[in-house]
Amino acid sequence: MSIIRLNSGTWISPRRIISCLKAILALVCCTLLFSCAGISIAGTRAEEEPAHLRIYPARWYKDHTAACSVTFDDGTLDQYAVAAPELDKRGIRGTFFVVTGFVDRGAWQDGPFLRRLFSWEQARDLAWRGHEVASHTVHHIDLAAHPAEAAEELSRSRERLMDELPWVPAVSLGWPYWRSSDEAVALAENLYIAARAGGVKAGPEDWFYGGVNGGSPGDIYRIGARGILSSDGEAELRPILGEVYSNGGWLVPNFHGVDDGTIDPSALGWEALSLEAFCRILDTLKDQDIWFVPFGEAARYVMQRDALVLDTAREGRVISVDYSSALDPVIYSQRLTLVVEIGQNFRIKRVDETETGRALAFTLQAEGKEVDRYLIDLPPGKGSLRILVDPHR
(Lines give C-alpha, C1' and ligand atoms only; values in the text may rest on other atoms or scores of the structure.)
Protein backbone atom coordinates (compact mmCIF):
# COMPACT_ATOMS: atom_id res chain seq x y z
CA MET A 1 0.00 0.00 0.00
CA SER A 2 1.42 3.42 -0.92
CA ILE A 3 1.79 6.14 1.72
CA ILE A 4 1.10 9.82 0.98
CA ARG A 5 3.18 12.51 2.67
CA LEU A 6 1.38 15.72 3.69
CA ASN A 7 3.11 19.14 3.62
CA SER A 8 3.34 19.13 7.42
CA GLY A 9 5.50 16.06 7.20
CA THR A 10 2.75 13.71 8.37
CA TRP A 11 2.30 10.49 6.46
CA ILE A 12 -1.20 9.04 5.87
CA SER A 13 -2.57 6.16 3.88
CA PRO A 14 -5.13 6.64 1.03
CA ARG A 15 -7.53 4.23 2.83
CA ARG A 16 -7.68 6.55 5.81
CA ILE A 17 -8.36 9.54 3.56
CA ILE A 18 -11.22 7.67 1.89
CA SER A 19 -12.70 6.75 5.30
CA CYS A 20 -12.62 10.40 6.39
CA LEU A 21 -14.31 11.49 3.17
CA LYS A 22 -17.03 8.87 3.68
CA ALA A 23 -17.65 10.10 7.23
CA ILE A 24 -17.92 13.70 6.05
CA LEU A 25 -20.33 12.68 3.27
CA ALA A 26 -22.51 10.71 5.76
CA LEU A 27 -22.67 13.69 8.11
CA VAL A 28 -23.73 15.99 5.26
CA CYS A 29 -26.46 13.51 4.19
CA CYS A 30 -27.80 13.17 7.76
CA THR A 31 -27.91 16.92 8.15
CA LEU A 32 -29.89 17.30 4.92
CA LEU A 33 -32.22 14.43 5.86
CA PHE A 34 -32.96 15.79 9.35
CA SER A 35 -33.47 19.26 7.96
CA CYS A 36 -36.06 18.03 5.48
CA ALA A 37 -37.85 16.06 8.23
CA GLY A 38 -37.92 19.06 10.56
CA ILE A 39 -35.57 17.36 13.08
CA SER A 40 -32.51 18.97 14.56
CA ILE A 41 -29.13 17.22 14.53
CA ALA A 42 -29.57 16.67 18.26
CA GLY A 43 -32.47 14.36 17.38
CA THR A 44 -35.48 16.49 18.39
CA ARG A 45 -38.14 17.93 16.14
CA ALA A 46 -37.75 21.63 15.46
CA GLU A 47 -40.26 23.41 17.67
CA GLU A 48 -43.27 25.07 16.16
CA GLU A 49 -45.82 27.38 17.78
CA PRO A 50 -49.45 26.21 17.90
CA ALA A 51 -51.49 28.15 15.40
CA HIS A 52 -53.99 28.76 18.23
CA LEU A 53 -53.89 28.15 21.99
CA ARG A 54 -56.59 29.08 24.52
CA ILE A 55 -57.25 27.51 27.95
CA TYR A 56 -60.32 28.24 30.12
CA PRO A 57 -62.89 26.50 32.37
CA ALA A 58 -65.98 25.12 30.64
CA ARG A 59 -69.26 26.80 31.47
CA TRP A 60 -70.64 23.44 32.61
CA TYR A 61 -69.08 20.11 33.47
CA LYS A 62 -67.95 18.16 30.41
CA ASP A 63 -68.81 21.26 28.36
CA HIS A 64 -72.56 20.58 28.24
CA THR A 65 -74.63 23.34 26.65
CA ALA A 66 -76.75 23.94 29.77
CA ALA A 67 -77.33 22.59 33.28
CA CYS A 68 -80.46 21.32 35.02
CA SER A 69 -81.16 20.72 38.71
CA VAL A 70 -84.40 18.83 39.28
CA THR A 71 -85.71 19.89 42.71
CA PHE A 72 -88.53 18.77 45.02
CA ASP A 73 -90.01 20.60 47.99
CA ASP A 74 -91.31 19.42 51.37
CA GLY A 75 -90.08 15.80 51.42
CA THR A 76 -93.43 14.10 50.86
CA LEU A 77 -93.46 10.31 50.63
CA ASP A 78 -94.42 10.22 46.94
CA GLN A 79 -91.10 11.87 46.10
CA TYR A 80 -89.22 8.94 47.60
CA ALA A 81 -91.58 6.17 46.44
CA VAL A 82 -92.55 7.43 42.95
CA ALA A 83 -90.35 10.32 41.70
CA ALA A 84 -86.88 9.19 42.84
CA PRO A 85 -87.05 5.78 41.08
CA GLU A 86 -87.89 7.57 37.81
CA LEU A 87 -84.86 9.81 38.26
CA ASP A 88 -82.69 6.77 38.95
CA LYS A 89 -83.88 5.06 35.77
CA ARG A 90 -82.70 8.05 33.73
CA GLY A 91 -79.44 8.62 35.57
CA ILE A 92 -80.67 11.94 36.99
CA ARG A 93 -79.61 13.00 40.48
CA GLY A 94 -82.09 15.40 42.04
CA THR A 95 -82.39 17.64 45.10
CA PHE A 96 -84.97 17.09 47.85
CA PHE A 97 -85.60 20.11 50.10
CA VAL A 98 -87.01 18.73 53.37
CA VAL A 99 -88.85 20.47 56.24
CA THR A 100 -86.58 19.20 58.99
CA GLY A 101 -88.88 19.92 61.93
CA PHE A 102 -91.58 17.55 60.67
CA VAL A 103 -89.54 14.56 59.49
CA ASP A 104 -89.53 12.88 62.90
CA ARG A 105 -93.32 13.24 63.08
CA GLY A 106 -93.69 11.52 59.72
CA ALA A 107 -96.26 14.07 58.54
CA TRP A 108 -96.86 17.80 58.07
CA GLN A 109 -100.17 19.58 58.51
CA ASP A 110 -100.11 21.84 55.44
CA GLY A 111 -103.21 23.95 56.04
CA PRO A 112 -106.17 21.57 55.63
CA PHE A 113 -103.96 18.82 54.17
CA LEU A 114 -102.02 16.20 56.07
CA ARG A 115 -98.94 15.31 54.05
CA ARG A 116 -96.95 12.20 54.92
CA LEU A 117 -93.19 12.63 54.70
CA PHE A 118 -90.30 10.28 54.02
CA SER A 119 -88.08 9.39 56.99
CA TRP A 120 -84.47 10.26 57.82
CA GLU A 121 -83.53 6.70 56.94
CA GLN A 122 -85.08 7.17 53.51
CA ALA A 123 -83.36 10.55 53.23
CA ARG A 124 -80.00 8.87 53.84
CA ASP A 125 -80.89 6.26 51.23
CA LEU A 126 -81.52 9.04 48.70
CA ALA A 127 -78.18 10.62 49.55
CA TRP A 128 -76.32 7.32 49.16
CA ARG A 129 -77.92 6.97 45.72
CA GLY A 130 -76.37 10.31 44.70
CA HIS A 131 -79.29 12.64 45.32
CA GLU A 132 -79.04 15.78 47.44
CA VAL A 133 -81.08 16.20 50.63
CA ALA A 134 -81.18 19.88 51.54
CA SER A 135 -82.96 22.42 53.74
CA HIS A 136 -86.49 23.76 53.37
CA THR A 137 -86.24 25.36 56.87
CA VAL A 138 -87.56 23.84 60.11
CA HIS A 139 -91.28 24.64 59.86
CA HIS A 140 -91.85 25.86 56.26
CA ILE A 141 -92.39 29.46 57.35
CA ASP A 142 -92.62 32.30 54.83
CA LEU A 143 -89.47 34.16 55.87
CA ALA A 144 -90.31 37.14 53.69
CA ALA A 145 -93.35 37.72 55.92
CA HIS A 146 -91.70 36.60 59.18
CA PRO A 147 -88.08 37.82 59.11
CA ALA A 148 -87.72 37.61 62.90
CA GLU A 149 -87.93 33.82 62.73
CA ALA A 150 -85.32 33.46 59.98
CA ALA A 151 -82.27 32.98 62.20
CA GLU A 152 -83.68 29.98 64.08
CA GLU A 153 -85.38 28.45 61.05
CA LEU A 154 -82.21 28.55 58.99
CA SER A 155 -79.64 27.57 61.61
CA ARG A 156 -81.58 24.72 63.22
CA SER A 157 -82.46 23.19 59.85
CA ARG A 158 -78.84 23.19 58.74
CA GLU A 159 -77.67 21.67 62.03
CA ARG A 160 -80.19 18.85 61.78
CA LEU A 161 -79.20 18.00 58.23
CA MET A 162 -75.52 17.92 59.15
CA ASP A 163 -76.35 15.60 62.05
CA GLU A 164 -78.37 13.22 59.89
CA LEU A 165 -76.02 13.29 56.87
CA PRO A 166 -72.61 13.97 58.44
CA TRP A 167 -70.62 13.01 55.33
CA VAL A 168 -72.14 15.86 53.30
CA PRO A 169 -69.65 18.78 53.36
CA ALA A 170 -72.16 21.59 52.73
CA VAL A 171 -75.89 22.26 52.65
CA SER A 172 -78.04 24.21 50.22
CA LEU A 173 -81.41 25.83 50.87
CA GLY A 174 -84.78 26.09 49.16
CA TRP A 175 -86.77 29.15 50.29
CA PRO A 176 -90.34 28.23 51.32
CA TYR A 177 -92.90 29.77 48.96
CA TRP A 178 -89.93 30.78 46.76
CA ARG A 179 -89.56 33.96 48.82
CA SER A 180 -86.97 35.51 51.10
CA SER A 181 -85.95 38.87 52.49
CA ASP A 182 -82.66 40.76 52.46
CA GLU A 183 -82.26 39.98 56.15
CA ALA A 184 -82.86 36.26 55.60
CA VAL A 185 -80.43 36.18 52.67
CA ALA A 186 -77.74 37.80 54.82
CA LEU A 187 -78.22 35.03 57.40
CA ALA A 188 -78.23 32.29 54.77
CA GLU A 189 -74.90 33.48 53.39
CA ASN A 190 -73.22 32.38 56.64
CA LEU A 191 -74.94 28.97 56.77
CA TYR A 192 -75.56 27.66 53.26
CA ILE A 193 -73.61 27.47 50.02
CA ALA A 194 -76.57 28.58 47.85
CA ALA A 195 -80.33 29.06 47.95
CA ARG A 196 -83.10 28.44 45.44
CA ALA A 197 -85.82 31.04 44.99
CA GLY A 198 -88.53 30.89 42.33
CA GLY A 199 -89.86 32.23 39.05
CA VAL A 200 -92.92 31.60 36.93
CA LYS A 201 -92.24 32.24 33.24
CA ALA A 202 -89.56 32.96 30.68
CA GLY A 203 -88.89 36.47 29.47
CA PRO A 204 -87.09 39.72 30.25
CA GLU A 205 -89.59 40.90 32.88
CA ASP A 206 -88.68 42.00 36.40
CA TRP A 207 -88.13 38.72 38.23
CA PHE A 208 -89.21 38.94 41.85
CA TYR A 209 -88.43 35.26 42.42
CA GLY A 210 -85.16 35.03 40.54
CA GLY A 211 -86.18 34.06 37.03
CA VAL A 212 -84.32 32.23 34.28
CA ASN A 213 -80.66 31.77 35.19
CA GLY A 214 -77.75 32.45 32.92
CA GLY A 215 -74.45 30.68 33.20
CA SER A 216 -73.41 32.91 36.13
CA PRO A 217 -76.45 33.90 38.24
CA GLY A 218 -76.29 37.34 39.76
CA ASP A 219 -77.17 36.16 43.28
CA ILE A 220 -76.29 32.62 44.35
CA TYR A 221 -78.81 32.94 47.23
CA ARG A 222 -81.71 33.80 44.95
CA ILE A 223 -81.33 31.23 42.18
CA GLY A 224 -84.34 31.31 39.88
CA ALA A 225 -86.57 28.24 39.67
CA ARG A 226 -89.77 27.30 37.87
CA GLY A 227 -92.50 25.78 40.01
CA ILE A 228 -94.08 23.05 37.88
CA LEU A 229 -97.87 23.06 38.32
CA SER A 230 -100.33 20.32 37.50
CA SER A 231 -101.92 22.65 34.93
CA ASP A 232 -98.65 23.28 33.06
CA GLY A 233 -98.29 21.93 29.57
CA GLU A 234 -95.80 22.10 26.75
CA ALA A 235 -96.90 25.63 25.78
CA GLU A 236 -95.88 26.93 29.22
CA LEU A 237 -92.67 24.96 29.66
CA ARG A 238 -91.07 24.90 26.20
CA PRO A 239 -90.22 28.65 26.15
CA ILE A 240 -88.45 28.33 29.50
CA LEU A 241 -86.37 25.40 28.27
CA GLY A 242 -85.62 27.30 25.07
CA GLU A 243 -84.43 30.39 26.91
CA VAL A 244 -82.17 28.48 29.29
CA TYR A 245 -80.79 26.31 26.50
CA SER A 246 -80.09 29.22 24.15
CA ASN A 247 -78.07 31.17 26.71
CA GLY A 248 -76.24 28.20 28.20
CA GLY A 249 -78.05 28.71 31.49
CA TRP A 250 -79.10 26.74 34.53
CA LEU A 251 -82.63 25.33 34.57
CA VAL A 252 -84.13 24.61 38.02
CA PRO A 253 -87.56 22.96 37.71
CA ASN A 254 -89.35 22.61 41.04
CA PHE A 255 -91.79 19.75 41.67
CA HIS A 256 -93.84 18.92 44.74
CA GLY A 257 -95.95 15.82 44.11
CA VAL A 258 -95.98 12.94 41.61
CA ASP A 259 -99.02 10.66 41.49
CA ASP A 260 -98.76 7.17 39.98
CA GLY A 261 -102.46 6.44 40.62
CA THR A 262 -101.80 3.90 43.37
CA ILE A 263 -100.13 5.86 46.17
CA ASP A 264 -102.25 7.02 49.10
CA PRO A 265 -103.47 10.64 48.64
CA SER A 266 -102.03 11.56 52.04
CA ALA A 267 -98.56 10.79 50.68
CA LEU A 268 -98.88 13.25 47.77
CA GLY A 269 -97.25 16.66 47.63
CA TRP A 270 -98.88 19.91 46.61
CA GLU A 271 -99.92 20.32 42.96
CA ALA A 272 -99.13 16.70 42.18
CA LEU A 273 -98.43 15.86 38.55
CA SER A 274 -99.43 12.57 37.03
CA LEU A 275 -96.57 10.13 36.68
CA GLU A 276 -97.04 10.27 32.91
CA ALA A 277 -96.64 14.07 32.83
CA PHE A 278 -93.62 13.93 35.14
CA CYS A 279 -91.88 11.33 32.98
CA ARG A 280 -92.66 13.28 29.82
CA ILE A 281 -90.91 16.35 31.25
CA LEU A 282 -87.87 14.29 32.27
CA ASP A 283 -87.64 12.62 28.86
CA THR A 284 -87.92 15.97 27.07
CA LEU A 285 -85.06 17.32 29.13
CA LYS A 286 -82.97 14.20 28.54
CA ASP A 287 -83.15 14.81 24.81
CA GLN A 288 -81.07 17.98 25.26
CA ASP A 289 -77.34 18.43 25.78
CA ILE A 290 -77.81 19.14 29.50
CA TRP A 291 -75.73 18.38 32.56
CA PHE A 292 -78.11 16.95 35.18
CA VAL A 293 -76.75 17.76 38.62
CA PRO A 294 -78.11 18.34 42.13
CA PHE A 295 -78.68 21.96 43.03
CA GLY A 296 -75.83 22.29 45.51
CA GLU A 297 -73.30 20.70 43.17
CA ALA A 298 -74.29 23.03 40.33
CA ALA A 299 -73.91 26.02 42.65
CA ARG A 300 -70.46 24.86 43.71
CA TYR A 301 -69.43 24.35 40.08
CA VAL A 302 -70.53 27.90 39.21
CA MET A 303 -68.66 29.41 42.13
CA GLN A 304 -65.49 27.38 41.59
CA ARG A 305 -65.51 28.06 37.86
CA ASP A 306 -65.89 31.81 38.33
CA ALA A 307 -63.22 31.90 41.06
CA LEU A 308 -60.65 29.86 39.11
CA VAL A 309 -57.35 31.62 38.36
CA LEU A 310 -55.21 30.21 35.52
CA ASP A 311 -51.57 30.93 34.71
CA THR A 312 -50.24 29.25 31.57
CA ALA A 313 -46.82 29.03 29.93
CA ARG A 314 -45.29 27.02 27.09
CA GLU A 315 -41.77 25.69 26.69
CA GLY A 316 -41.10 23.41 23.77
CA ARG A 317 -43.70 20.67 23.71
CA VAL A 318 -44.86 21.26 27.30
CA ILE A 319 -47.72 23.57 28.25
CA SER A 320 -47.71 24.37 31.97
CA VAL A 321 -50.95 25.35 33.69
CA ASP A 322 -51.05 26.60 37.28
CA TYR A 323 -54.56 26.86 38.72
CA SER A 324 -55.80 28.19 42.05
CA SER A 325 -58.87 29.47 43.87
CA ALA A 326 -59.57 31.38 47.08
CA LEU A 327 -62.48 29.04 47.94
CA ASP A 328 -62.27 26.39 50.67
CA PRO A 329 -61.47 23.11 48.83
CA VAL A 330 -63.12 21.03 51.57
CA ILE A 331 -66.51 22.56 50.75
CA TYR A 332 -65.97 23.56 47.13
CA SER A 333 -64.86 20.15 45.97
CA GLN A 334 -66.49 19.83 42.54
CA ARG A 335 -64.31 18.71 39.65
CA LEU A 336 -64.20 21.29 36.87
CA THR A 337 -63.79 20.79 33.15
CA LEU A 338 -60.87 22.64 31.58
CA VAL A 339 -61.11 23.42 27.87
CA VAL A 340 -57.95 23.54 25.76
CA GLU A 341 -58.38 24.97 22.28
CA ILE A 342 -55.29 24.21 20.21
CA GLY A 343 -54.45 24.62 16.55
CA GLN A 344 -54.61 21.49 14.45
CA ASN A 345 -50.87 21.62 13.88
CA PHE A 346 -50.55 20.21 17.43
CA ARG A 347 -52.30 17.51 19.42
CA ILE A 348 -52.36 16.69 23.13
CA LYS A 349 -50.50 13.50 23.95
CA ARG A 350 -50.70 13.41 27.76
CA VAL A 351 -51.83 15.44 30.78
CA ASP A 352 -50.12 14.98 34.18
CA GLU A 353 -50.35 16.57 37.60
CA THR A 354 -46.97 18.24 37.98
CA GLU A 355 -46.45 17.41 41.66
CA THR A 356 -47.55 13.76 41.64
CA GLY A 357 -46.99 12.81 38.00
CA ARG A 358 -50.48 11.26 38.02
CA ALA A 359 -52.10 11.17 34.58
CA LEU A 360 -55.41 13.01 34.22
CA ALA A 361 -58.26 12.05 31.94
CA PHE A 362 -58.74 14.12 28.81
CA THR A 363 -60.67 13.75 25.59
CA LEU A 364 -60.84 15.33 22.17
CA GLN A 365 -64.27 16.92 22.42
CA ALA A 366 -64.53 18.40 18.93
CA GLU A 367 -62.42 18.60 15.81
CA GLY A 368 -62.59 21.77 13.80
CA LYS A 369 -61.18 22.97 10.52
CA GLU A 370 -58.42 24.91 12.26
CA VAL A 371 -58.85 24.41 16.03
CA ASP A 372 -59.47 21.25 18.09
CA ARG A 373 -61.11 21.33 21.55
CA TYR A 374 -59.82 19.08 24.30
CA LEU A 375 -61.52 18.60 27.69
CA ILE A 376 -59.49 17.92 30.84
CA ASP A 377 -61.01 16.67 34.10
CA LEU A 378 -59.56 19.21 36.54
CA PRO A 379 -59.19 18.33 40.26
CA PRO A 380 -60.60 20.88 42.76
CA GLY A 381 -58.49 23.31 44.75
CA LYS A 382 -55.14 24.39 43.40
CA GLY A 383 -52.39 22.63 41.51
CA SER A 384 -50.30 22.49 38.37
CA LEU A 385 -50.59 20.54 35.13
CA ARG A 386 -48.10 19.50 32.44
CA ILE A 387 -49.78 19.16 29.06
CA LEU A 388 -47.53 17.32 26.60
CA VAL A 389 -48.20 18.09 22.95
CA ASP A 390 -46.89 16.75 19.67
CA PRO A 391 -46.83 18.41 16.24
CA HIS A 392 -49.63 16.97 14.20
CA ARG A 393 -49.53 16.84 10.42
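Fair warning: this is a prediction, and the values are worked out from it, not measured in the lab.

Draft legend 1. Quick peek at the overall build of the chain. Check the secondary structure of the chain and you find 9 helices and 24 strands. By the burial criterion, 45% of the 393 residues in the chain qualify as buried. By sequence separation, contacts in the chain at least 24 residues apart represent 72% of the contacts at least 6 residues apart. Summing over all exposed atoms, the chain offers an accessible surface of approximately 19300 Å²; the carbon and sulfur share of this is 53%.

Draft legend 2. Local environment of the side chain of Arg 373. Along the chain, Arg 373 turns up in strand S23 (residues 371-378). At a separation of 3.2 Å, a polar atom in the side chain of Arg 373 contacts the side chain of Glu 341. Each residue touching Arg 373, except ones within four places of it in the same chain, is listed here: Tyr 56, Asp 63, Val 339, Val 340, Glu 341, Thr 363, Leu 364, Gln 365 and Ala 366.

Draft legend 3. Local environment of the sheet that holds strand S24 (residues 383-391). Sheet architecture is open: 4 strands sit in the order S18-S19-S24-S21, paired in antiparallel fashion. Each edge of the open sheet is held by one strand with a lone partner, namely strand S18 (309-315) and strand S21 (346-353). Strand after strand, the sheet turns through a mean of 20° between neighbouring axes, direction not considered. Direction of pairing for S21 relative to S24: antiparallel, over a ladder of 7 bridges. Looking at the pairing, Asp 352 lines up with Arg 386 of S24.

Draft legend 4. Quick look at the packing of aromatic side chains. In the structure shown here, the tally under the stated rule is 16 aromatic pairs. Ring centres of Trp 60 and Trp 291 lie 6.4 Å apart, and the angle between their planes is 45°; this geometry places the pair in the tilted category. Here Trp 60, found in the loop between strand S3 (53-57) and strand S4 (66-68), pairs with Trp 291, found in strand S17 (residues 290-292); they are 231 residues apart in sequence, far enough to count as distant. Residues Trp 60 and Trp 291 agree in their burial class; the two are buried. Centre to centre, the rings of Tyr 61 and Trp 291 are 5.7 Å apart; their planes meet at 50°, and the pair counts as tilted. With a gap of 230 residues between them, Tyr 61 in the loop between S3 and S4 and Trp 291 in strand S17 connect regions that are remote in the sequence. Like Trp 291, Tyr 61 is buried. Among the aromatic residues, ring-to-ring pairing joins Trp 60, Tyr 61, Phe 97, Trp 250, Trp 291, Phe 295 and Tyr 301 into one connected group. Its guanidinium or amino end placed over the ring of Tyr 56, Arg 54 lies 4.0 Å from that ring's centre, counting from NZ or CZ. When the ring centre of Trp 60 is taken as reference, the NZ or CZ atom of Arg 305 above it lies at 5.6 Å.

Draft legend 5. Up close: the pattern of salt bridges. Taken as a whole and assessed by the stated rule, the structure comprises 27 salt bridges. With a closest N to O distance of 3.2 Å, Glu 86 and Lys 89 form a salt bridge. Of this pair, Glu 86 and Lys 89 both sit in helix H2 (residues 77-89), 3 residues apart, which is roughly one turn of that helix. Given the relative accessible area of 10%, Glu 86 is considered buried. One continuous salt-bridge network, built from bridges that share partners, spans Asp 104, Glu 121, Arg 124, Arg 160 and Glu 164.

Draft legend 6. Just the packing of H2 against helix H4 (residues 120-128), in detail. For the pair H2 and H4, the least separation of the axes is 10 Å and the interaxial angle reads 35°. Taken as a pair, H2 and H4 cross one another with a handedness that is left-handed. Contacts from Leu 77, Tyr 80 and Ala 84 in H2 reach Gln 122, Asp 125 and Leu 126 in H4. For the contact of H2 with H4, the per-class residue count stands at 4 nonpolar, 1 polar and 1 charged.

Reading the values: the criteria
- Residues numbered from 1 in each chain as written.
- Predicted model: local features only at pLDDT ≥ 70, side-chain atom pairs only at ≥ 80, totals over all residues.
- Heavy atoms only, no water.
- Helix = DSSP H or I, 4+ residues; strand = E, 2+ residues; numbered from the N terminus.
- Buried < 20%, exposed > 50% of the residue type's maximum accessible area, 1.4 Å probe, protein only.
- Contact = heavy atoms within 4.5 Å.
- Areas by Shrake-Rupley, 256 points an atom, 1.4 Å probe, with all protein chains shown as cover.
- Polar contact = N/O pair within 3.5 Å; in protein donor to acceptor, adjacent residues only side chain to side chain.
- Pairing = 2+ DSSP bridges.
- Axes fitted to C-alpha atoms, helices over the stretch in contact; angles between N-to-C directions.
- Phe/Tyr/Trp six-rings, centres within 6.5 Å; stacked < 30°, edge-to-face > 60°.
- Lys NZ or Arg CZ within 6 Å of the ring centre and 35° of its normal.
- Salt bridge = Lys/Arg side-chain N within 4 Å of Asp/Glu carboxyl O.
- Left-handed = near helix turned anticlockwise from the far one by under 90°.
- Nonpolar A, V, L, I, M, F, W, Y, C, P; charged D, E, K, R; others polar.

Limitation: the analysis is restricted to geometry and does not speak to function.
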